[in-house]
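Next come the chains, spelled out residue by residue.
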Amino acid sequence: MLCWLNYRRLTIVFGFYMLMLVFGLLWSLDVKWGLHVLGRHWFWLLVPVVVALFVEFRWRKYFLISLSSGLALNLVYCVLQMYGFVEVTTDGSSAEDATGHIGHIGFGFVYGVWAAWLLHLGLIWKGWSRYLAWFMAAWSYVMIFSAQGRSGYLIAIVLIGCLCVKWVFDSQSWRVVLPIMVCLFLIVTVVGFGPGQERLQGTWAALKQMNQENILDQGDSADNATLATRERLVMWKASLDIWSLYPILGVGTGGLPQAVVLLKKDGLSSFSHPHNQYLLALVRWGPLGVLFFLMLLVVWAREGLMVDWQNSVTAPLFSLSAIALALHGLSSASMEEHFSAILAVLLLAVAIANDEDKRHM
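Residues numbered from 1 in each chain as written. Predicted model: local features only at pLDDT ≥ 70, side-chain atom pairs only at ≥ 80, totals over all residues. Heavy atoms only, no water.

Chemist: Summarise the packing of aromatic side chains; cite the residues concerned and give the values.
Modeler: One pass over the structure, following the stated rule, counts 16 aromatic pairs. Seen in terms of ring centroids, Tyr 17 and Trp 285 are 5.7 Å apart; in terms of plane orientation they differ by 80 degrees. Their pairing is edge-to-face. Residue Tyr 17 is located in helix α2 (residues 8–23), and its partner Trp 285 is located in helix α13 (residues 277–285); the two are separated by 268 residues in the primary sequence. As far as burial versus exposure is concerned, Tyr 17 and Trp 285 are alike and both buried. Ring-pair connections join several aromatic residues into one group, and the members of that group are Phe 14, Trp 42, Phe 43, Trp 44 and Trp 300. (Phe/Tyr/Trp six-rings, centres within 6.5 Å; stacked < 30°, edge-to-face > 60°. Helix = DSSP H or I, 4+ residues; strand = E, 2+ residues; numbered from the N terminus. Buried < 20%, exposed > 50% of the residue type's maximum accessible area, 1.4 Å probe, protein only.)

Given below as structure tokens:
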């Protein structure tokens, strides 16, 4: 009832997106895999449950303190991993790419959102707590740009920019966000000259080889960043080819792997998603699927942008989680990737539960 009364548009669009998942089974090329895909969205059903749990202020506070404590401890763990004191078996996490038990694909999402929120807390807090929040945010950014995952770089930079614009708009003064702007400049410098330089160069090198025939050539001589980008470009091209064969309704909720097999292109390995949420929605449900996905993100982000952030701890969680999902969706299946999507679900529920913000819209 709280979701329906206070966030009706968001509830309606979210409901349509969930209905597409279910009804997409009717024309799926592989119903069994479609049921598996449907099952991977189980955590979205937690939204009303978590909202009900967090209606009281103290439970929201306890959750945010617990979440922040856990993420802070994980940063310590990542430092230990970086120096070889601990080992993990998580894919995309090693001493050279220290991301703890998260892995580099979701690491930038998790810590990009958390760090941007910490920057916001530093702006509304006073005294030593302000500098503690900013210190933890700075540490998060250092770890994001020390790890692989160019999606994380993009999320980190864009969320800082959004935070600055929103605060300038609300306060009618640019001086209040001067420390954040300095931080943004330092991050861009790190990207240009620090550990992110090689990965961005690898991405650019792959983008210059766009035709299908040579995109996977020179595999042994290329670095990991170049190879990863080339592989994703191949999957994106194959996804567009599949959609051209099923332009109206797509291949259904679980039809993509089967459609890849039917495409029968030389050198194309089977994949369950193209590392792009927009293309995934297009292939599964056609243009209508992309439309509902975009509507969901826009309405979701808008709910937070309508609130004055200077008077709220939780209001930014609306927009930060939605914008991060939108950016992360450019290189992953963000709506069903556990680390990113589950965090987005929890932050969305916290923001919805604080209906005091809605009353001041």
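Don't stop here, the text continues.
Chemist: Would you mind going over the layout of surface pockets in detail, with residue names and values included?
Modeler: In this structure, the second largest pocket occupies an estimated 450 Å³ of space. Lining the second largest pocket are 21 residues, with Leu 64, Ile 65, Trp 117, Leu 121 and Trp 125 positioned closest to its centre. Within the residue set of the lining of the second largest pocket, elements represented by two or more residues are α5 (57–82), α6 (104–124) and α7 (128–146). No other element matches the seven residues that α5 contributes to the lining of the second largest pocket. Looking at side-chain class alone, the lining of the second largest pocket contains 14 nonpolar, five polar and two charged residues. (1 Å grid on protein atoms, 1.4 Å probe; cavity = no way out; pocket = protein on both sides within 12 Å on 5 of 7 lines; lining within 4 Å. Points joined across faces, edges and corners; volume = space filled by probe spheres on them. Nonpolar A, V, L, I, M, F, W, Y, C, P; charged D, E, K, R; others polar.)

Chemist: Describe unusual backbone geometry, naming the residues involved and giving the relevant values.
Modeler: Of note in the backbone geometry, His 275 takes a positive phi value of approximately 55 degrees without being a glycine. Here His 275 is to be found in the loop between α12 (256–263) and α13. The exposure class of His 275 is buried, given its relative accessible area of 17%.

Chemist: Describe the pattern of salt bridges, with residues and values.
Modeler: Under the criterion given, the structure shown has four salt bridges. When the shortest N-O distance is used, the salt bridge between Lys 166 and Asp 170 registers 3.3 Å. Remark: Asp 170 and Lys 166 occur in helix α8 (residues 150–171); sequence separation between them is four residues, near one turn of the helix. For Lys 166, a relative accessible area of 8% gives the class buried. Note that Asp 241 is salt-bridged to Lys 237, the shortest N-O span being 3.2 Å. On the criterion of helical spacing, the pair formed by Asp 241 and Lys 237 is a turn pair, its members being four residues apart in helix α11 (residues 224–245). (Salt bridge = Lys/Arg side-chain N within 4 Å of Asp/Glu carboxyl O.)

Chemist: Could you give an account of the packing of α5 against helix α16 (residues 338–353), with specific residues and numbers?
Modeler: Two quantities define a packed helix pair, namely the angle between the helix axes and the distance between the axes. Across the interface, α5 lies against α16 with an axial gap of 11 Å and an inter-helix angle of 150 degrees. Classed by the angle they form, the pair α5 and α16 counts as roughly antiparallel. For α5 against α16, the interelement crossing comes out left-handed. Contact residues: Arg 60, Phe 63, Leu 64 and Leu 67 in α5; Leu 343, Leu 346, Leu 347, Val 350 and Ala 353 in α16. Grouping the constituent residues of the contact of α5 with α16 by class yields eight nonpolar, no polar and one charged. (Axes fitted to C-alpha atoms, helices over the stretch in contact; angles between N-to-C directions. Parallel < 35°, antiparallel > 145°, perpendicular 65-115°, else oblique. Left-handed = near helix turned anticlockwise from the far one by under 90°. Contact = heavy atoms within 4.5 Å.)

Chemist: Go over empty space enclosed by the protein, please, and point to the residues and values.
Modeler: Enumeration over the complete set of coordinates arrives at two cavities of 30 Å³ or more. The computed volume of the largest cavity comes to approximately 60 Å³. Among the elements that take part in the lining of the largest cavity, α6 stands out by supplying four residues, more than any other. Across the lining of the largest cavity, the residue classes break down as ten nonpolar, no polar and no charged. Size it by volume and the second largest cavity reaches roughly 30 Å³. Forming the walls of the second largest cavity are His 104, Phe 107, Gly 108, Ile 144, Ala 147, Gln 148, Gly 149 and Gly 152. No other element matches the three residues that α6 contributes to the lining of the second largest cavity.

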